[in-house]
Amino acid sequence: MGKSKMGIGVHYSVILMVLLLILSGCGNGEGEEQVSLTEESLAGAYQDNFKIGVALNRFQVQDKIPEATALIKRHFNSITPENLLKWESVHPRPEEYNFGPADAFVEFGEQNDMFIVGHTLVWHSQVPDWVFETENGEDIGREALLQRMKAHIDSVAGGYRGA
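Nothing here was measured: the structure is a model prediction, and the numbers come from that model.

The next subject is the sheet that holds strand β3 (residues 115-116). Ordered by their spatial adjacency, 3 strands build an open sheet running β1-β2-β3, and the pairing between neighbours is parallel. Of all strands in the sheet, those with a lone pairing partner are β1 (53-56) and β3, marking the two edges. Taken together, the 4 bridges between β1 and strand β2 (residues 78-81) define a ladder with parallel strand orientation. Counted as the bridge partner of V54 is I79 from β2.

Moving on, we get to the side chain of H152. Within the fold, H152 resides in helix α7 (residues 142-159). Judged by relative accessible area, which is 0%, H152 ranks as buried.

This part takes up a negative patch on the surface. Together, D129, E133, E138 and D139 line one region of the surface with negative charge. Topologically, D139 is positioned in the loop between β3 and α7. What makes D139 exposed here is its relative accessible area of 68%.

Attention shifts here to helix α4 (residues 66-75). α4 sits mainly inside the fold: 8 of its 10 residues count as buried. Three or more residues of α4 are buried, namely A68, T69, A70, L71, I72, K73, R74 and H75.

Once that is clear, we can look at the nonpolar core. Core analysis: the biggest nonpolar cluster contains 22 residues, and I52, V54, L56, I72, I79, F105 and F108 have the highest contact counts within it. Where this core is concerned, the elements lending two or more residues are α2 (42-45), β1, α4 and α6 (100-111). The leading source of residues in this core is α6, at 4 residues. Excluding residues within four positions of it along the chain, I72 makes contact with V54, L56, Q60, F108 and M114.

Time to look at the packing of aromatic side chains. Pairs of aromatic rings are described using the distance from one ring centre to the other and the angle between the two planes. Applying the stated criterion to the full structure yields 4 aromatic pairs. On the basis of an interplanar angle of 5 degrees and a centroid distance of 5.4 Å, the ring pair of Y97 and F99 is categorised as stacked. Here F99 falls in the partly exposed class, since its relative accessible area comes to 23%. Measuring from ring centre to ring centre gives 6.0 Å for F99 and Y160, while their planes differ by 65 degrees; the resulting arrangement is edge-to-face. Residue F99 is found in the loop between α5 (87-90) and α6, and its partner Y160 is found in the segment after α7; the two are separated by 61 residues along the sequence. Ring pairs connect the aromatic residues Y97, F99 and Y160, which therefore count as one cluster.

Quick look at the pairing of β2 now. Where β2 and β3 come together, 2 bridges link them in parallel fashion. Residue pairing for β3: S78 is matched across the bridge by F115.

Conventions and cut-offs
Residues numbered from 1 in each chain as written. Predicted model: local features only at pLDDT ≥ 70, side-chain atom pairs only at ≥ 80, totals over all residues. Heavy atoms only, no water. Pairing = 2+ DSSP bridges. Helix = DSSP H or I, 4+ residues; strand = E, 2+ residues; numbered from the N terminus. Buried < 20%, exposed > 50% of the residue type's maximum accessible area, 1.4 Å probe, protein only. Patch = residues over 30% accessible without salt bridge, like charges linked within 9 Å, V, L, I, M, F, W, Y side chains within 5 Å. Areas by Shrake-Rupley, 256 points an atom, 1.4 Å probe, with all protein chains shown as cover. Salt bridge = Lys/Arg side-chain N within 4 Å of Asp/Glu carboxyl O. Lys, Arg positive; Asp, Glu negative; His and termini not counted. Charge placed at Lys NZ, Arg CZ, Asp CG, Glu CD. Core = buried A, V, L, I, M, F, W, Y, C linked by side-chain atoms within 4.5 Å. Contact = heavy atoms within 4.5 Å. Phe/Tyr/Trp six-rings, centres within 6.5 Å; stacked < 30°, edge-to-face > 60°.

Purely geometric stuff here, so don't read any function into it on its own.
Below is the structure:
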């Protein structure tokens, strides 16, 4: 893979800026509502160039750590779920879907005018055993697995089309 035109120095500058923002307090943490992006925020500083993204877990989406939520709202304009859309989280059993946490993630992004990235519907881990097996625990084979993957992807991605 080739080097970015921006160069390594810019990458280190962004990392340094994030660390400085975190260490400096980055907001009052008192249940801030949507914060407009300003030059004093990381996303505001780069708003004419690119989005600044962050991966969120269920605790951040549910505002269980208000300081983290305030930092996210202030400095980021793109969000990606860590595990909320992985197969075991959203589709733990054959006929069972759990969209609650993923719905909360999308709602968080929409309320805060953030670019929402879906990640990841099929992953090398965090896939329930039932996906690969028959009801008797036998290997389902390639074609059946591909059918299950397609049905899973259609159900999950189709539910968030346009979000």
